[in-house]
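Here are the chains, one letter per residue:
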Amino acid sequence: MTAAEEDAADGRIVMITGGSRGIGLACARWFLARGDRVAVTSRSGAVEGDPGPTDRFLSLVCDVTDPAQVEAAFTSVEQAWGPVEVLVANAGITRDTLVLRMSEEAWSEVIDTNLTGVFRVSKRAVAKMIRQRRGRVVMVSSVSAFIGSAGQANYAAAKAGLVGLARSLAAEVASRSITVNVVVPGLVETDMLAELGEERTTAFATQIPMGRIARPEEIAAVIGFLTSEDAGYITGAVLPVDGGLAMGL
Amino acid sequence: MSNDETFEKFRECAVEVLQVPADKVTKEARFAEDLDADSLDLVELVMALEEAFDVSVEETELDGVETIGQAYDLITAKL
(Lines give C-alpha, C1' and ligand atoms only; values in the text may rest on other atoms or scores of the structure.)
Protein backbone atom coordinates (compact mmCIF):
# COMPACT_ATOMS: atom_id res chain seq x y z
CA MET A 1 0.00 0.00 0.00
CA THR A 2 1.12 3.54 -0.63
CA ALA A 3 1.16 6.02 2.22
CA ALA A 4 -2.01 7.64 0.86
CA GLU A 5 -3.80 4.30 0.74
CA GLU A 6 -2.75 3.50 4.29
CA ASP A 7 -4.12 6.85 5.39
CA ALA A 8 -7.38 6.12 3.65
CA ALA A 9 -7.57 2.78 5.46
CA ASP A 10 -6.78 4.09 8.93
CA GLY A 11 -8.17 7.55 8.52
CA ARG A 12 -6.33 10.81 8.87
CA ILE A 13 -4.81 11.91 12.15
CA VAL A 14 -6.88 14.80 13.47
CA MET A 15 -6.34 17.00 16.51
CA ILE A 16 -9.12 19.21 17.83
CA THR A 17 -8.36 21.63 20.64
CA GLY A 18 -11.31 22.34 22.91
CA GLY A 19 -12.82 19.07 21.74
CA SER A 20 -14.61 17.94 24.89
CA ARG A 21 -17.90 19.70 24.11
CA GLY A 22 -19.69 22.11 21.81
CA ILE A 23 -18.33 22.73 18.32
CA GLY A 24 -15.11 20.83 19.04
CA LEU A 25 -16.93 17.68 20.09
CA ALA A 26 -19.25 17.93 17.08
CA CYS A 27 -16.12 18.09 14.91
CA ALA A 28 -14.72 15.01 16.66
CA ARG A 29 -17.91 13.10 15.83
CA TRP A 30 -17.81 14.34 12.22
CA PHE A 31 -14.24 13.13 11.71
CA LEU A 32 -14.84 9.83 13.52
CA ALA A 33 -17.86 9.15 11.31
CA ARG A 34 -15.61 9.68 8.32
CA GLY A 35 -13.16 7.06 9.64
CA ASP A 36 -10.45 9.42 10.85
CA ARG A 37 -8.46 9.05 14.06
CA VAL A 38 -9.27 11.90 16.40
CA ALA A 39 -7.47 13.35 19.39
CA VAL A 40 -9.34 16.01 21.32
CA THR A 41 -7.76 18.23 23.89
CA SER A 42 -9.34 20.10 26.76
CA ARG A 43 -8.25 21.49 30.09
CA SER A 44 -10.15 18.82 32.00
CA GLY A 45 -9.65 15.86 29.66
CA ALA A 46 -13.28 14.86 30.32
CA VAL A 47 -15.48 14.41 27.26
CA GLU A 48 -19.26 14.83 27.31
CA GLY A 49 -20.99 11.63 26.23
CA ASP A 50 -19.56 8.81 24.15
CA PRO A 51 -17.70 10.09 21.12
CA GLY A 52 -17.13 6.73 19.41
CA PRO A 53 -14.70 3.83 18.98
CA THR A 54 -11.84 4.06 21.45
CA ASP A 55 -9.12 2.83 19.10
CA ARG A 56 -9.74 5.89 16.95
CA PHE A 57 -10.29 8.39 19.73
CA LEU A 58 -7.99 10.00 22.27
CA SER A 59 -8.88 12.56 24.89
CA LEU A 60 -5.90 14.54 26.13
CA VAL A 61 -5.47 17.09 28.87
CA CYS A 62 -3.96 20.25 27.40
CA ASP A 63 -4.12 23.86 28.45
CA VAL A 64 -3.17 25.72 25.26
CA THR A 65 -1.71 28.56 27.31
CA ASP A 66 1.08 26.21 28.44
CA PRO A 67 3.66 25.47 25.71
CA ALA A 68 4.84 22.37 27.62
CA GLN A 69 1.32 20.92 27.65
CA VAL A 70 0.93 21.67 23.94
CA GLU A 71 4.18 19.86 23.23
CA ALA A 72 3.11 16.91 25.39
CA ALA A 73 -0.26 16.62 23.64
CA PHE A 74 1.32 16.53 20.18
CA THR A 75 3.92 14.03 21.37
CA SER A 76 1.16 11.76 22.72
CA VAL A 77 -0.63 11.78 19.37
CA GLU A 78 2.60 11.17 17.47
CA GLN A 79 3.46 8.22 19.70
CA ALA A 80 -0.02 6.74 19.33
CA TRP A 81 -0.62 7.30 15.63
CA GLY A 82 1.89 9.64 13.98
CA PRO A 83 2.05 13.32 13.06
CA VAL A 84 -1.13 15.41 13.04
CA GLU A 85 -2.48 15.90 9.52
CA VAL A 86 -5.56 17.94 10.38
CA LEU A 87 -5.66 20.55 13.14
CA VAL A 88 -8.87 22.21 14.27
CA ALA A 89 -7.88 25.07 16.57
CA ASN A 90 -11.10 25.52 18.44
CA ALA A 91 -10.22 25.96 22.12
CA GLY A 92 -11.54 29.22 23.44
CA ILE A 93 -12.76 30.89 26.59
CA THR A 94 -14.75 33.99 27.49
CA ARG A 95 -14.22 36.48 30.28
CA ASP A 96 -17.02 38.88 29.44
CA THR A 97 -17.29 42.36 30.85
CA LEU A 98 -17.43 45.90 29.52
CA VAL A 99 -14.07 47.38 28.57
CA LEU A 100 -14.32 49.94 31.35
CA ARG A 101 -14.56 47.08 33.85
CA MET A 102 -12.15 44.73 32.10
CA SER A 103 -8.97 43.92 33.99
CA GLU A 104 -5.63 43.48 32.28
CA GLU A 105 -5.82 39.92 33.47
CA ALA A 106 -9.22 39.23 31.86
CA TRP A 107 -7.91 40.72 28.62
CA SER A 108 -4.65 38.78 28.66
CA GLU A 109 -6.16 35.48 29.65
CA VAL A 110 -8.56 35.49 26.71
CA ILE A 111 -5.90 36.63 24.22
CA ASP A 112 -3.48 34.02 25.56
CA THR A 113 -5.98 31.19 25.12
CA ASN A 114 -7.96 32.22 22.04
CA LEU A 115 -5.22 33.79 19.93
CA THR A 116 -1.77 32.86 21.25
CA GLY A 117 -3.03 29.34 22.00
CA VAL A 118 -3.92 28.94 18.34
CA PHE A 119 -0.47 30.23 17.38
CA ARG A 120 1.12 27.62 19.66
CA VAL A 121 -0.80 24.62 18.35
CA SER A 122 -0.64 25.74 14.71
CA LYS A 123 3.10 26.26 14.88
CA ARG A 124 3.63 22.83 16.38
CA ALA A 125 1.34 21.11 13.88
CA VAL A 126 2.66 22.87 10.79
CA ALA A 127 6.27 21.96 11.61
CA LYS A 128 5.39 18.31 10.92
CA MET A 129 2.95 19.03 8.08
CA ILE A 130 5.72 20.78 6.16
CA ARG A 131 7.73 17.57 6.20
CA GLN A 132 4.77 15.65 4.86
CA ARG A 133 4.00 18.23 2.20
CA ARG A 134 0.34 18.26 3.15
CA GLY A 135 -1.90 19.33 5.98
CA ARG A 136 -5.01 21.20 7.00
CA VAL A 137 -5.45 23.83 9.66
CA VAL A 138 -8.84 25.28 10.50
CA MET A 139 -9.17 28.03 13.09
CA VAL A 140 -12.49 28.71 14.74
CA SER A 141 -13.26 32.43 14.94
CA SER A 142 -16.57 34.12 15.77
CA VAL A 143 -18.94 36.68 14.25
CA SER A 144 -18.14 38.89 17.21
CA ALA A 145 -14.77 39.51 15.55
CA PHE A 146 -16.56 41.21 12.67
CA ILE A 147 -19.68 42.80 14.12
CA GLY A 148 -18.34 43.48 17.61
CA SER A 149 -19.97 42.33 20.78
CA ALA A 150 -20.48 44.57 23.80
CA GLY A 151 -18.84 42.93 26.78
CA GLN A 152 -16.58 40.78 24.66
CA ALA A 153 -13.78 43.12 23.55
CA ASN A 154 -11.12 40.61 24.59
CA TYR A 155 -12.88 37.68 22.91
CA ALA A 156 -13.69 39.61 19.72
CA ALA A 157 -10.14 40.97 19.47
CA ALA A 158 -8.66 37.48 19.80
CA LYS A 159 -11.09 36.03 17.28
CA ALA A 160 -10.32 38.88 14.83
CA GLY A 161 -6.61 38.25 15.35
CA LEU A 162 -7.05 34.73 14.03
CA VAL A 163 -7.71 36.12 10.56
CA GLY A 164 -4.31 37.79 10.37
CA LEU A 165 -2.64 34.75 11.87
CA ALA A 166 -4.37 32.36 9.47
CA ARG A 167 -3.73 34.39 6.34
CA SER A 168 -0.06 34.95 7.14
CA LEU A 169 0.50 31.31 7.98
CA ALA A 170 -1.45 30.31 4.87
CA ALA A 171 0.91 32.38 2.74
CA GLU A 172 3.95 30.84 4.43
CA VAL A 173 2.96 27.20 3.95
CA ALA A 174 0.86 27.22 0.77
CA SER A 175 3.80 25.97 -1.28
CA ARG A 176 3.74 22.78 0.81
CA SER A 177 0.09 22.00 0.00
CA ILE A 178 -0.97 22.99 3.50
CA THR A 179 -4.13 25.05 3.79
CA VAL A 180 -5.04 27.36 6.66
CA ASN A 181 -8.59 28.66 6.90
CA VAL A 182 -10.91 30.37 9.33
CA VAL A 183 -14.48 29.39 10.06
CA VAL A 184 -16.68 32.08 11.56
CA PRO A 185 -19.59 30.64 13.50
CA GLY A 186 -22.52 32.83 14.47
CA LEU A 187 -24.69 31.83 17.38
CA VAL A 188 -24.34 28.14 18.13
CA GLU A 189 -26.17 25.98 20.65
CA THR A 190 -23.31 25.42 23.11
CA ASP A 191 -22.41 25.90 26.76
CA MET A 192 -20.62 29.09 25.75
CA LEU A 193 -23.86 30.48 24.33
CA ALA A 194 -25.65 29.60 27.54
CA GLU A 195 -23.12 31.75 29.39
CA LEU A 196 -24.08 34.68 27.18
CA GLY A 197 -27.48 34.72 28.88
CA GLU A 198 -30.99 34.39 27.51
CA GLU A 199 -31.63 38.08 27.03
CA ARG A 200 -28.58 38.74 24.87
CA THR A 201 -29.01 35.48 23.00
CA THR A 202 -32.56 36.46 22.07
CA ALA A 203 -31.40 39.93 21.07
CA PHE A 204 -28.82 38.40 18.73
CA ALA A 205 -31.18 35.72 17.45
CA THR A 206 -33.72 38.26 16.23
CA GLN A 207 -31.02 39.65 13.93
CA ILE A 208 -30.26 36.31 12.29
CA PRO A 209 -31.84 36.11 8.82
CA MET A 210 -32.22 32.34 9.18
CA GLY A 211 -34.20 33.03 12.34
CA ARG A 212 -32.56 30.36 14.45
CA ILE A 213 -29.38 29.40 16.26
CA ALA A 214 -26.99 26.88 14.68
CA ARG A 215 -26.47 23.34 15.85
CA PRO A 216 -22.77 22.52 16.50
CA GLU A 217 -22.99 19.87 13.75
CA GLU A 218 -23.69 22.59 11.20
CA ILE A 219 -20.37 24.24 12.04
CA ALA A 220 -18.52 20.90 12.19
CA ALA A 221 -19.63 19.97 8.67
CA VAL A 222 -18.09 23.14 7.23
CA ILE A 223 -14.87 22.66 9.19
CA GLY A 224 -14.80 19.09 7.94
CA PHE A 225 -15.27 20.20 4.36
CA LEU A 226 -12.33 22.61 4.61
CA THR A 227 -10.11 19.68 5.60
CA SER A 228 -11.22 17.54 2.66
CA GLU A 229 -9.37 16.88 -0.57
CA ASP A 230 -12.09 18.82 -2.38
CA ALA A 231 -11.12 21.95 -0.47
CA GLY A 232 -7.46 21.70 -1.47
CA TYR A 233 -7.45 25.03 -3.31
CA ILE A 234 -9.08 27.01 -0.49
CA THR A 235 -6.56 28.72 1.76
CA GLY A 236 -6.55 31.93 3.77
CA ALA A 237 -10.33 31.96 3.47
CA VAL A 238 -12.66 33.34 6.11
CA LEU A 239 -15.89 31.42 5.91
CA PRO A 240 -18.95 32.57 7.86
CA VAL A 241 -21.39 29.91 9.08
CA ASP A 242 -23.84 32.20 10.79
CA GLY A 243 -27.28 31.98 9.22
CA GLY A 244 -26.60 35.34 7.57
CA LEU A 245 -25.96 37.23 10.82
CA ALA A 246 -22.77 38.92 9.65
CA MET A 247 -23.50 38.83 5.92
CA GLY A 248 -20.92 40.74 3.93
CA LEU A 249 -18.25 40.66 6.63
CA MET B 1 33.63 13.04 14.95
CA SER B 2 35.99 14.04 12.13
CA ASN B 3 35.30 16.99 9.87
CA ASP B 4 34.43 14.62 7.04
CA GLU B 5 31.95 12.73 9.21
CA THR B 6 30.41 15.95 10.42
CA PHE B 7 29.92 17.22 6.87
CA GLU B 8 28.49 13.86 5.85
CA LYS B 9 25.92 14.10 8.64
CA PHE B 10 25.15 17.66 7.57
CA ARG B 11 24.81 16.53 3.98
CA GLU B 12 22.36 13.78 4.94
CA CYS B 13 20.12 16.36 6.58
CA ALA B 14 20.28 18.59 3.51
CA VAL B 15 19.55 15.73 1.13
CA GLU B 16 16.55 14.63 3.15
CA VAL B 17 15.05 18.06 3.77
CA LEU B 18 15.84 19.74 0.44
CA GLN B 19 15.31 16.58 -1.59
CA VAL B 20 18.38 17.12 -3.73
CA PRO B 21 21.07 14.62 -4.83
CA ALA B 22 23.98 14.34 -2.37
CA ASP B 23 26.55 15.48 -4.97
CA LYS B 24 24.80 18.86 -5.25
CA VAL B 25 25.31 19.51 -1.53
CA THR B 26 28.74 21.13 -1.68
CA LYS B 27 30.03 23.93 0.52
CA GLU B 28 29.84 26.30 -2.44
CA ALA B 29 26.22 25.44 -3.27
CA ARG B 30 23.85 28.39 -2.91
CA PHE B 31 20.46 27.59 -1.41
CA ALA B 32 18.34 29.62 -3.77
CA GLU B 33 20.24 29.40 -7.04
CA ASP B 34 21.81 25.93 -6.89
CA LEU B 35 19.48 23.98 -4.62
CA ASP B 36 16.17 25.62 -5.47
CA ALA B 37 15.49 26.11 -1.77
CA ASP B 38 13.12 28.82 -0.55
CA SER B 39 13.04 30.49 2.87
CA LEU B 40 10.79 27.77 4.27
CA ASP B 41 13.23 25.07 3.07
CA LEU B 42 16.00 26.89 4.89
CA VAL B 43 13.97 27.05 8.10
CA GLU B 44 13.15 23.38 7.75
CA LEU B 45 16.81 22.53 7.23
CA VAL B 46 17.85 24.54 10.26
CA MET B 47 15.24 22.74 12.38
CA ALA B 48 16.53 19.37 11.13
CA LEU B 49 20.13 20.41 11.84
CA GLU B 50 19.22 21.64 15.32
CA GLU B 51 17.79 18.21 16.03
CA ALA B 52 20.59 16.20 14.41
CA PHE B 53 23.44 18.15 16.00
CA ASP B 54 21.65 19.07 19.23
CA VAL B 55 22.33 22.77 18.82
CA SER B 56 20.16 25.86 18.84
CA VAL B 57 20.22 28.53 16.15
CA GLU B 58 18.79 32.02 16.66
CA GLU B 59 16.84 33.72 13.89
CA THR B 60 19.36 36.55 13.67
CA GLU B 61 22.20 34.13 13.02
CA LEU B 62 20.53 33.12 9.76
CA ASP B 63 20.86 36.58 8.25
CA GLY B 64 23.17 36.39 5.28
CA VAL B 65 23.37 32.60 5.24
CA GLU B 66 23.16 31.84 1.54
CA THR B 67 25.35 28.80 0.99
CA ILE B 68 25.73 25.30 2.37
CA GLY B 69 29.22 26.27 3.59
CA GLN B 70 27.89 29.22 5.59
CA ALA B 71 25.22 27.06 7.19
CA TYR B 72 27.77 24.35 7.92
CA ASP B 73 30.13 26.82 9.58
CA LEU B 74 27.24 28.20 11.65
CA ILE B 75 26.39 24.74 12.96
CA THR B 76 29.95 23.49 13.51
CA ALA B 77 30.86 26.65 15.43
CA LYS B 78 28.33 25.49 18.04
CA LEU B 79 29.67 21.95 18.43
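Check the entry above for the structure.
Residues numbered from 1 in each chain as written. Chains lettered and ligands numbered in written order. Predicted model: local features only at pLDDT ≥ 70, side-chain atom pairs only at ≥ 80, totals over all residues.

Caption draft 1: Just helix α2 (residues 22-34) of chain A, in detail. Compared with an ideal rise of 1.5 Å per residue, which puts 13 residues at 18 Å, α2 of chain A spans 19 Å between its outermost C-alpha atoms and is within 8% of the ideal. Just past α2 of chain A, the residue glycine 35 of chain A takes up positive phi, approximately 100°. (Helix = DSSP H or I, 4+ residues; strand = E, 2+ residues; numbered from the N terminus. Expected span 1.5 Å × (residues − 1).)

Caption draft 2: Examining the sheet that holds strand β2 (residues 37-42) of chain A more closely. All names here are of chain A. Across the sheet, seven strands lie side by side as β3-β2-β1-β4-β5-β6-β7; this open sheet has parallel pairing. Edge positions in the sheet fall to β3 (57-61) and β7 (238-241), since each of these pairs with one other strand and no more. The mean inter-strand angle of the sheet, taken between neighbouring strand axes irrespective of direction, is 20°. Where strand β1 (residues 13-17) and β2 come together, five bridges link them in parallel fashion. If you follow methionine 15 over to β2, its bridge partner there is alanine 39. Where helix α4 (residues 104-132) meets the sheet, it contacts β1, β4 (86-89), β5 (135-140) and β6 (178-185), and its direction lies at approximately 165° from that of β5. The strands that helix α6 (residues 153-173) touches are β5, β6 and β7; relative to β6, the one it contacts most, it runs at about 160°. (Pairing = 2+ DSSP bridges. Axes fitted to C-alpha atoms, helices over the stretch in contact; angles between N-to-C directions. Contact = placed C-beta atoms within 7 Å.)

Caption draft 3: Focus on helix α1 (residues 3-18) of chain B. Residue and element names in this part refer to chain B. Here α1 contains 16 residues, and its C-alpha end-to-end distance of 22 Å stays within 8% of the 22 Å for a straight helix at 1.5 Å per residue. Listing the buried residues of α1 in full gives Phe10, Cys13, Ala14, Val17 and Leu18. In an axial view of α1, the angular spread of the buried residues amounts to 105°, which keeps them on one side of the axis. Looking at α1, the residues exposed on the side facing more than 90 degrees away from the buried face are Asp4 and Glu5. In the core, the buried residues of α1 are packed alongside α2 (31-35), α3 (39-53) and α4 (68-76). Immediately beyond the C-terminal end of α1, within one or two residues, lies glutamine 19, with a positive phi of roughly 55°. (Buried ≥ 20, exposed ≤ 12 C-beta atoms within 10 Å, placed from the backbone. Arc of directions from axis to C-beta.)

None of the figures reported here should be taken as evidence of function without further support.
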